[in-house]
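Residue-level structural notes
In case you want the letters, here they are:
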Amino acid sequence: MAADSGKKPSANGGKAPAPNSGGIAKRLPRIALVFLVALVYRQLQAPPPKIPGTPGGPPITSPRIKLQDGRHLAYYESGVPREQAKYKIIFMHGFDSCRYDVIRVSPELAQELGIYLLSFDRPGYGESDPHPGRTVKSRALDIEQLADAMELGPKFYLTGFSMGGNVMWSCLKYIPHRLAGVAILGPVANYWWSGYPANVSTEAWNVQVAQDKWAVGVAHHAPWLTYWWNTQKFFPGSSVISFNPAIMSREDMGLIQAKFGYRTYAHQVRQQGEYESLHRDMIVGFGKWSWSPLELEDPFPNGEGKVHLWHGAEDLIVPVELSRYISQRLPWVRYHELPTAGHLFPIADGMPDVILKSLLLGDDE
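Below you will find a few notes about this structure. (Residues numbered from 1 in each chain as written. Predicted model: local features only at pLDDT ≥ 70, side-chain atom pairs only at ≥ 80, totals over all residues. Heavy atoms only, no water.)

What follows covers the nonpolar core. Where a protein is soluble and globular, its nonpolar side chains tend to be buried together. In terms of nonpolar packing, the biggest core is built from 69 residues, with Ile-90, Ile-143, Phe-156, Leu-158, Trp-169, Leu-179 and Tyr-196 touching the most fellow members. Residue contributions to this core peak at six residues, all from helix H4 (residues 163-174). Residues in contact with Tyr-196, not counting those within four places in the same chain, are Ala-189, Asn-190, Tyr-191, Ser-201, Leu-294, Leu-322, Tyr-325 and Ile-326. The next biggest cluster of nonpolar side chains, apart from the first, holds 31 residues, and it includes Val-102, Leu-113, Leu-117 and Ala-348. (Core = buried A, V, L, I, M, F, W, Y, C linked by side-chain atoms within 4.5 Å. Buried < 20%, exposed > 50% of the residue type's maximum accessible area, 1.4 Å probe, protein only. Helix = DSSP H or I, 4+ residues; strand = E, 2+ residues; numbered from the N terminus. Contact = heavy atoms within 4.5 Å.)

Below, the structure written as structure tokens:
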């Protein structure tokens with residue numbers, strides 16, 4: 001008779017132990033959460049920019065200058081030759097635009113007064129390199145470096161439209177000693193600048209269509225969501241990016257139909273990607289500023305230059321209420337309100353000449 005080994009038979013009849021299915025079940029929620037976070041993170045990340053002149057990027061077709069940090073700015077010259085100019089003006093294009101969207105002064109006035117215009121692609125637009133570290137201050141310092149590279153002299157004039165008008169406040173803050181005069185045209189205002197009475201900012205805020213309230217609010221409060229918000233399909237993003245006709249005044253619609261056929265270069269504007277051009281523009285313009293334009297001091301205390309602020313009373317893209325209040329708070333700003341104009345008044349027939357004559361000669365048009 002065989003001796004008893006003392007081993008008890010296993011509960012599963014001697015088979016290998018079953019996997020711990022309970023442990024896997026406990027880990028599933030954690031795995032699902034990690035997967036969901038990774039998926040959301042991927043949706044929030046903008047694709048890398050298509051940098052001009054690099055493999056897979058757009059070609060370089062315009063002259064460019066190199067900045068101190070190695071970035072390049074593409075520029076466009078118009079008016080009389082720089083060497084013959086009496087007045088040298090740098091123009092800042094607006095949102096969703098490029099260097100070719102320069103204020104179109106008549107050849108007759110350019111010749112008569114000796115006007116030279118220098119416009120450039122702001123970072124991430126057209127053929128200017130992107131600037132991931134773009135700030136309110138860096139915008140002004142880029143302009144100063146451009147002026148020096150182009151040998152414009154110790155002082156020059158500035159004109160900026162829409163989001164380019166927003167940049168004018170940066171220049172008045174950081175490089176006022178380089179300015180001979182400034183024209184600010186339909187400038188994008190930041191609703192969170194300190195100094196606005198609540199009723200003024202609220203009135204301006206409510207002029208916007210609902211989708212722009214959301215888009216602008218996201219750019220200010222959650223800038224890391226800006227790319228996702230303006231590319232997702234659940235809710236409408238910025239009406240300016242998608243071109244919602246509801247934001248165009250009657251006069252603006254007429255100007256678009258009459259004037260925008262010449263924009264054969266429109267494909268260049270966003271060619272580096274919407275994030276580097278449009279979305280980053282929104283983040284800086286509507287972000288948290290450490291100072292307010294309403295606190296600025298007169299850059300020309302001895303009357304050697306003027307700051308002109310122009311706005312259309314029927315502007316449905318950039319509410320006029322904020323420009324009105326800025327002009328009241330800053331008595332050194334010469335304010336021009338156009339009673340029937342919308343946002344696009346700088347491209348109306350004859351307006352470029354009126355704006356530049358006022359800037360250069362002091363005409364109160």
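Here the narrative resumes, following the displayed structure.
On to the environment of Met-282, then. Note that Met-282 resides in helix H11 (residues 274-285). Overall, the relative accessible area of 3% leaves Met-282 in the buried class. Separated by 44 residues in the primary sequence, Met-282 and Ser-238 place their C-alpha atoms 9.9 Å from one another. Discounting chain neighbours no more than four positions away, the residues touching Met-282 are Phe-95, Met-163, Ala-215, Ala-219, Asn-230, Ser-238, Ile-241 and Gly-287.

This part is about the pairing of strand E4 (residues 115-120). The buried fraction of E4 amounts to six of the six residues, a majority that puts the element mostly inside the structure. Of the two faces of E4, the one lined by Ile-115, Leu-117 and Ser-119 and the one lined by Tyr-116, Leu-118 and Phe-120 are each fully buried. Bridge count between strand E2 (residues 72-79) and E4: five bridges; the pairing is antiparallel. In the sheet register, Tyr-75 faces E4, and the bridge partner there is Phe-120. As paired strands, strand E3 (residues 87-92) and E4 are joined by six bridges and run parallel to one another. Within E4, the residue paired with Phe-91 across the bridge is Ser-119. Handedness of the crossover joining E3 and E4 through helix H2 (residues 107-113): right-handed. (Pairing = 2+ DSSP bridges. Right-handed = clockwise from strand over helix to strand, strands pointing away.)

Looking now at empty space enclosed by the protein. Taken as a whole, this structure holds one cavity of 30 Å³ or more when the rule is applied. Counted as a void, the largest cavity has a volume near 70 Å³. In this structure, the largest cavity is lined by Phe-120, Arg-122, Pro-123, Arg-134, Arg-139, Asp-142, Ile-143 and Val-167. Of the residues forming the lining of the largest cavity, the biggest block, three residues, is contributed by helix H3 (residues 136-149). Along the lines of polarity and charge, the residues of the lining of the largest cavity split into four nonpolar, no polar and four charged. (1 Å grid on protein atoms, 1.4 Å probe; cavity = no way out; pocket = protein on both sides within 12 Å on 5 of 7 lines; lining within 4 Å. Points joined across faces, edges and corners; volume = space filled by probe spheres on them. Nonpolar A, V, L, I, M, F, W, Y, C, P; charged D, E, K, R; others polar.)

Phi at Asp-96 is positive, roughly 60°, even though this residue is not glycine. Here Asp-96 lies in the loop between E3 and H2. By relative accessible area, which is 18% here, Asp-96 ends up buried. One non-glycine residue with positive phi stands out, namely Phe-243, at about 55°. Mapped onto the fold, Phe-243 is located in the loop between helix H8 (239-242) and helix H9 (250-259).

What follows deals with H11. The end-to-end C-alpha separation of H11 is 15 Å, in line with the 16 Å expected for twelve residues at 1.5 Å each. The buried count for H11 comes to ten of twelve residues, which makes it a mostly enclosed element. Buried within H11 are the following residues: Glu-276, Ser-277, Leu-278, His-279, Arg-280, Asp-281, Met-282, Ile-283, Val-284 and Gly-285. Elements that come into contact with the buried residues of H11 comprise H3, H4, helix H6 (210-221), helix H7 (226-231), H8 and helix H10 (266-269). (Expected span 1.5 Å × (residues − 1).)

The next subject is the pattern of salt bridges. Per the counting criterion, the structure on display carries 14 salt bridges. A salt bridge links Arg-122 to Asp-281, with the nearest nitrogen and oxygen atoms 2.8 Å apart. Remark: Asp-281 occurs in helix H11 and Arg-122 occurs in the loop between E4 and H3; sequence separation between them is 159 residues. The pair Arg-122 / Asp-281 is uniform in exposure class, with both members buried. Each of the salt bridges in this network shares a partner with another, and the network as a whole consists of Asp-69, Arg-71 and Asp-142. (Salt bridge = Lys/Arg side-chain N within 4 Å of Asp/Glu carboxyl O.)

Attention shifts here to the packing of aromatic side chains. Between two aromatic rings, the relevant description is the distance of the centres plus the angle of the planes. This structure, assessed with the given rule, holds 15 aromatic pairs. Considering the side-chain rings of Tyr-227 and Tyr-275, the 6.3 Å spacing of their centres and the 80° angle between planes classify their relative orientation as edge-to-face. Here the residue Tyr-227 occupies a position in helix H7, and Tyr-275 occupies one in helix H11, the gap between them amounting to 48 residues. The exposure class of Tyr-227 is buried, given its relative accessible area of 18%. (Phe/Tyr/Trp six-rings, centres within 6.5 Å; stacked < 30°, edge-to-face > 60°.)

Let us look at H9. Here H9 has its buried residues at Asp-252, Leu-255 and Ile-256. Projected down its long axis, H9 carries its buried residues within an arc of 100°, all on one side. Exposed residues pointing more than 90 degrees away from the buried face of H9 are listed as Arg-250, Gln-257 and Ala-258. (Arc of directions from axis to C-beta.)

Read across the open sheet, the eight strands follow the order E1-E2-E4-E3-E5-E6-E7-E8; overall the sheet is mixed. A single partner strand is all that each edge strand has here, and the edge strands are strand E1 (64-66) and strand E8 (333-338). Shown here is a sheet whose adjacent strand axes are inclined to one another by a mean of 25°, direction ignored. With six bridges connecting them, strand E7 (residues 307-312) and E8 associate as parallel partners. (Axes fitted to C-alpha atoms, helices over the stretch in contact; angles between N-to-C directions.)

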